[in-house]
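# Chain and residue survey
This is what each chain is made of:
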Amino acid sequence: MNQKPKKHHFVPECYLRNFLDNRIFFTLDIRKVQKGYDERISYSNPSKVCYFENYYSINDKIFGDSDFDELFVESEVLKNLEDIYPTLYKKMIYGNQFLIEDCVLTSDFIVQLKLRNPYWFNNEQVKIKKNIVKDITLKDLELDTGFESIPIEFKKNILNAVLEGIKIDPAFDKRLQLNSLIRRYNSEVELNKRHRNAIVNCKWIILIAPEKGPYFITSDNPGVSVDNNKLVYNTKFDKNFTFYLPLSPQYCLCITDFEKDNVLEKNHPFKVIEKLQINRDLVFGINNTLIQLINKLLIAVDESYLDEIKNLNRPKS
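Okay, so let's go over this structure. Treat the numbers as computed from the prediction; the structure is a model and nothing was measured. (Residues numbered from 1 in each chain as written. Predicted model: local features only at pLDDT ≥ 70, side-chain atom pairs only at ≥ 80, totals over all residues. Heavy atoms only, no water.)

## Some details on the overall build of the protein
What the protein contains, in helices and strands, is 11 helices and 14 strands. Looking at the protein as a whole, 48% of its 317 residues are labelled buried. For the protein, contacts bridging at least 24 residues in sequence account for 76% of all contacts bridging at least 6. As presented, the protein carries roughly 17300 Å² of accessible surface, and 49% of it is formed by carbon and sulfur atoms. (Helix = DSSP H or I, 4+ residues; strand = E, 2+ residues; numbered from the N terminus. Buried < 20%, exposed > 50% of the residue type's maximum accessible area, 1.4 Å probe, protein only. Contact = heavy atoms within 4.5 Å. Areas by Shrake-Rupley, 256 points an atom, 1.4 Å probe, with all protein chains shown as cover.)

Set out below in structure tokens:
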């Protein structure tokens, strides 16, 4: 009998494999270090990190009377792009011209990489909940004649009750995340088009680390955006952003709207991806930015570099 897969990776193994060196990489729980624990650096591999059991499973409590198979998200929605990613990686690293179809798939992979992650689940959904409450304000409290005479303080109490109700319902949170992944699985939805236009029309650069290091690290929440004020975002793909996604210890994808080629808008058949050798200070800067928005785990091929990060993040006595 075929066993259902229980280990659902929120950072896909296909992505993590590019950070292996002799079949291992090193990991560090930086959050425990920051709390003062004597946390050790461990060696591991993609199958052993960045997963929860049954994390993307669909059940009746989440979706009610649903036609979705329990493993629809894990085995189809996510696997579809995971199977393509190794080929996309090789084309980005070893080629100069990237077909537009491949750009679109890479864009979809990046968005999915962020949405499937617990960081988005635990942080970004707060913003979505506030928007839901805002909609309730406009629709149910201000426009409905039944609420016209209610004092503003009572209205605020009602809204707080609604928000608290959303907070204490874990099934709502999980449904919100799984729905987002499933909706974007349909390539024609407007949300996909908006993200594709924002990402694909920008300049793409493969940043190359110095031959002898330091090298790029990654985390259990890969990818981060920085705006022109040096503010850091988990997801920001418009209005003065630079997005960094480490692809391997040697390579990092940089996407920026400070310069655009508008290849999707102009219907060009391919995108030219620039390769740029960078110095150690810029590698350190990118790595330090990535650390700001992780769940807990850092991943690297260089144990000594993780040890340096560990020492820098110890609580000051």
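## Structural notes on the nonpolar core
Grouped together as the largest cluster of nonpolar side chains are 55 residues, with contacts concentrated most on V73, W204, L247 and I255. The element best represented in this core is helix α4 (residues 72–94), accounting for 10 residues. Every residue in contact with I255, bar those within four places of it in the chain, is listed here: I110, I199, C202, K203, W204, F241, T242 and F243. I205, L207, C252 and I286 belong to the second largest nonpolar core, which has 15 residues in total. (Core = buried A, V, L, I, M, F, W, Y, C linked by side-chain atoms within 4.5 Å.)

## A closer look at the environment of K212
Mapping K212 onto the fold places it in the loop between β6 (202–208) and β7 (218–219). Between the C-alpha atoms of K212 and Q250, which are 38 residues apart in sequence, the distance is 9.8 Å.

## With respect to the environment of N279
Relative to the elements of secondary structure, N279 occurs in the loop between β13 (274–277) and α10 (280–291). Classification of N279 as partly exposed rests on a relative accessible area of 49%. Placed 72 residues apart in sequence, N279 and L207 show a C-alpha to C-alpha distance of 9.8 Å. A polar atom in the side chain of N279 sits 3.1 Å from the backbone nitrogen of D281. (Polar contact = N/O pair within 3.5 Å; in protein donor to acceptor, adjacent residues only side chain to side chain.)

## Comments concerning the side chain of K174
On the secondary structure map, K174 appears in helix α8 (residues 170–185). Within the buried set, K174 has no salt-bridge partner at all; the shortest N-O distance to an opposite charge, 9.3 Å, is to D173. Of note is the side chain of K174, whose polar atom sits 3.1 Å from the backbone oxygen of Y55. A polar contact of 3.0 Å, which involves the side chain of K174, links it to the side chain of Q177. What K174 contacts, discounting residues up to four positions off in sequence, is Y55, I62 and F121. (Lys, Arg positive; Asp, Glu negative; His and termini not counted. Salt bridge = Lys/Arg side-chain N within 4 Å of Asp/Glu carboxyl O.)

## A look at the sheet that holds β6
Strands pair in a sheet through their backbones, by hydrogen bonds, and they do so in one of two ways: parallel or antiparallel. Across the sheet, six strands lie side by side as β9-β8-β10-β11-β6-β13; this open sheet has mixed pairing. The two strands at the open ends of the sheet, each matched to only one other strand, are β9 (232–233) and β13. In the sheet, strand β10 (residues 241–246) pairs with strand β11 (residues 251–260) via five bridges, with the strands oriented antiparallel. Residue F243 lies in a different strand from β11, and its bridge partner there is I255. (Pairing = 2+ DSSP bridges.)

## Points about the state of the cysteines
Taken as a whole and judged by the stated rule, the model has zero disulfides. There is no disulfide at C254, and the cysteine sulfur nearest it, in C252, is 7.0 Å away. Of the residues examined, C254 reaches a relative accessible area of 6% and is grouped as buried. (Disulfide = S-S within 2.5 Å.)

## Focus: the packing of aromatic side chains
Both the distance between ring centres and the angle between the ring planes are used here to describe each pair of aromatic rings. Across all of its chains, the model carries 15 aromatic pairs by this definition. On the basis of an interplanar angle of 40 degrees and a centroid distance of 6.4 Å, the ring pair of Y85 and Y89 is categorised as tilted. Taken together, the residues Y85 and Y89, both in helix α4 and four residues apart, mark about one turn of the helix. Residues Y85 and Y89 agree in their burial class; the two are buried. Positioned above the aromatic ring of F121, the side-chain terminus of K174 is 4.8 Å from the ring centre. In this arrangement the basic side chain of K236 is found over the ring face of Y233, its NZ or CZ atom lying 5.3 Å from the centre. (Phe/Tyr/Trp six-rings, centres within 6.5 Å; stacked < 30°, edge-to-face > 60°. Lys NZ or Arg CZ within 6 Å of the ring centre and 35° of its normal.)

## Here's the deal with the layout of surface pockets
The computed volume of the largest pocket comes to approximately 630 Å³. Where the lining of the largest pocket is concerned, the elements lending two or more residues are α5 (100–115), α6 (118–142), α8 and α9 (190–200). Here the element with the most residues in the lining of the largest pocket is α6; it accounts for five residues. Among the residues making up the lining of the largest pocket, the classes are represented as eight nonpolar, four polar and eight charged. (1 Å grid on protein atoms, 1.4 Å probe; cavity = no way out; pocket = protein on both sides within 12 Å on 5 of 7 lines; lining within 4 Å. Points joined across faces, edges and corners; volume = space filled by probe spheres on them. Nonpolar A, V, L, I, M, F, W, Y, C, P; charged D, E, K, R; others polar.)

## Overview of the sheet that holds strand β3 (residues 42–44)
Pairing is antiparallel across the open sheet formed by four strands, whose spatial order is β3-β2-β14-β7. If you trace the sheet from one side to the other, it starts and ends with β3 and β7, each paired once. Here strand β2 (residues 25–29) pairs with β3 via three bridges, running antiparallel. Bridged to F26 within β3 is Y43. Across the sheet, helix α11 (residues 303–312) touches β2 and β14 (297–300), and the angle it forms with β2 is around 10 degrees. (Axes fitted to C-alpha atoms, helices over the stretch in contact; angles between N-to-C directions.)

Keep in mind these numbers describe shape, not what the thing actually does.
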